[in-house]
Amino acid sequence: MTDAAGATQDVFTSQSQRPLGILFMRANVDASQLLPESRMRTLNRLAPRFILPLVLDKRHQLGLFVARFATLLKERDLHVLDLNLWMDGGRSRPTAYHNDLWFPAPLKNRVVQLWIPLMCEGAAEEIEKSMLRVDPRPLPDGWACPPGLAHLADVSTGDTRPLPFAHEHGVLAEDLKDVVGGRELRVGDVLFFDSQYCHYTLASRARRVGLAVRFSVGAPVYNGYFCEQRPLDGRSQTEHNRRAFAAAFAGAQAGEVIDAGRLVNRFDHHPPTAFSFRLLRKILLGAVPKTPLLPQYEQYAEDVRNRLTSQLARAVA
């Protein structure tokens, strides 16, 4: 989106005070120093898609970047809960319509997600399909669209509602209208949205790597969600994530402030997933030499933080 002078403008939508918008960054980010191309191709040959949890590991440029970004956000009382790389190998695999319920469900805070495309390779129309799309209709409080269930569900009672569009197991029959993201996004842009919004991608032959960052507004405060059995336990495709969260909250009481680092590192302390995720990170990042964070990534992190907090203030003040 541009104004009359051609300068890039941000898109911002606020419904029921839920953040949703795009930060159009004025310069593309060269991610070649963050993500070694040869190692990404190795992972793409192993599987069509990887969603790889990251930790604040300062032994390589990507780790330095996310660690610096997390520090900058914390200075504004925004606490990173989760970091991951979403890597698609161009094999026409869509992402079903869903929201990430295990992030907001156990917290009293608002949880916001960022999605930043770092690398895209392919025909223009295929790259457009690979970009994340957010449905601007927020779910009611307490409701979710669990991955793999293909319906809306009340996280406390288990009551369900059908999705309001044609789909096959949650994969849309056609693109929704009025989405935020999709063809609007370019490498380095920042899509931000409240976790109550649902999102998806279309089948695409583009190779694309996106960085997902989730954070709480204010220090994370536990609401006691995992202190008892819930109707959605064991039902979604992200059951491993629910169990890792439950383990991270073990022993905590409702109302307790939680160390956000326990959530970022939840998979590394959860035996069923720890070894596999550590191995994948080693394959992708293990041989990158240790150097200080490059100035272009330092500046980019600061620019995103400053513009993001300005936009969030409009929604969560």
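Residues numbered from 1 in each chain as written. Predicted model: local features only at pLDDT ≥ 70, side-chain atom pairs only at ≥ 80, totals over all residues. Heavy atoms only, no water.

A look at the overall build of the chain
Which entries qualify depends on this criterion: For the purposes of this entry, the term helix denotes a DSSP run of H or I that reaches at least four residues, the term strand denotes a run of E that reaches at least two, and both are numbered from the N terminus. Remark: exposure states derive from per-residue accessible area (1.4 Å probe, protein chains only) relative to the maximum for the residue type, with buried under 20%, exposed over 50%, and partly exposed in between. Should any heavy atoms of two residues lie within 4.5 Å, those residues are counted as being in contact. Note on areas: Shrake-Rupley with a 1.4 Å probe; residue coverage comes only from the protein chains shown.
A count of helices and strands for the chain gives seven helices and 16 strands. For the chain, with 317 residues in total, the buried portion stands at 57%. If you take every contact in the chain between residues at least 6 apart in sequence, the share linking residues at least 24 apart comes to 82%. Of the roughly 13,900 Å² of accessible surface on the chain, 50% is carried by carbon and sulfur atoms.

Describing the nonpolar core
Burial of nonpolar side chains together is a common tendency in soluble globular proteins. Definition in use: Residues grouped as a nonpolar core are buried Ala, Val, Leu, Ile, Met, Phe, Trp, Tyr and Cys residues, joined through side-chain atoms within 4.5 Å.
One finds F65, L85 and L211 to be the most contacted residues of the largest nonpolar core, which totals 41 residues. Mapped onto this core, the elements with two or more residues apiece are strand 3 (49–53), helix 2 (61–74), strand 4 (78–89), strand 6 (111–121), strand 14 (190–194), strand 16 (207–217) and helix 7 (295–316). Residues W102, A144, F226 and L263 belong to the second largest nonpolar core, which totals 22 residues.

A look at the pattern of salt bridges
As a reminder of what qualifies: The term salt bridge refers to a pairing of a side-chain nitrogen on Lys or Arg with a carboxyl oxygen on Asp or Glu at a separation within 4 Å.
A complete count under the given rule lists 18 salt bridges for this structure. Taking the shortest distance from any N to any O, the salt bridge between R230 and E228 comes out at 3.9 Å. Relative accessible area serves as the criterion here: at 16%, R230 is assigned to the buried category. Among the ionic contacts, a cluster of salt bridges with common partners joins R18, R110, D141 and D194.

What about the sheet that holds strand 15 (residues 199–201)?
Test applied: Strand pairing requires that DSSP identify at least two bridges connecting the strands.
Across the sheet, four strands lie side by side as 5-15-7-13; this open sheet has antiparallel pairing. Edge positions in the sheet fall to strand 5 (95–98) and strand 13 (180–181), since each has one partner strand and no second.

Some thoughts on unusual backbone geometry
With the exception of glycine, the majority of residues adopt a negative phi angle, and the majority of peptide bonds are in the trans configuration. Of note in the backbone geometry, D77 takes a positive phi value of approximately 65° without being a glycine. Tracing the backbone shows D77 in the loop between helix 2 and strand 4. On the basis of relative accessibility, which here comes to 43%, the residue D77 falls in the partly exposed class. Despite not being glycine, D178 has its phi angle at roughly 65°, a positive value. Assignment of secondary structure puts D178 in the loop between strand 12 (171–172) and strand 13. By relative accessible area, D178 is classed as exposed at 68%.

Points about the sheet that holds strand 9 (residues 151–154)
An order of 8-9-10 is seen for the three strands of this open sheet, with the pairing classed as antiparallel. The sheet terminates laterally at strand 8 (143–144) and strand 10 (160–162), the two strands that pair on one side only. Here three bridges tie strand 9 to strand 10, and the two strands are oriented antiparallel to one another. Pairing of H151 across the sheet is with P162, part of strand 10.

Some thoughts on helix 4 (residues 239–248)
Listed as buried for helix 4 are E239, N241, R242, A244, F245 and A248. On its buried face, helix 4 is in contact with helix 5 (260–264).

Notes on the environment of L232
In this structure, L232 sits in the loop between strand 16 and helix 4. Residues L232 and D159, 73 residues apart in the sequence, show an inter-C-alpha distance of 9.9 Å. Setting aside residues up to four positions removed in sequence, L232 forms contacts with L101, W102, P146, L149, A153, D154 and V155.

Here's the deal with the pairing of strand 16
Note on strand geometry: in a regular strand, side chains alternate between the two faces of the sheet. Most of strand 16 is tucked away: ten of the eleven residues are buried. Where strand 4 meets strand 16, eleven bridges bridge the pair, whose relative direction is antiparallel. Counted as the bridge partner of L85 is L211 from strand 16. By the bridge criterion, ten bridges tie strand 6 to strand 16 in an arrangement that is antiparallel. Across the sheet, residue P117 finds its bridge partner in strand 16, namely G210.

Focus on helix 2
Note the following rule: Take the residue count of a helix, subtract one, and multiply by 1.5 Å to get its expected span.
Over its 14 residues, helix 2 runs 20 Å from end to end, which matches the ideal 20 Å to within 8%, given 1.5 Å per residue. Within helix 2, eleven of the 14 residues are buried, leaving the element largely enclosed by the surrounding structure. Listed as buried for helix 2 are Q61, L62, G63, L64, F65, V66, A67, F69, A70, L72 and L73.

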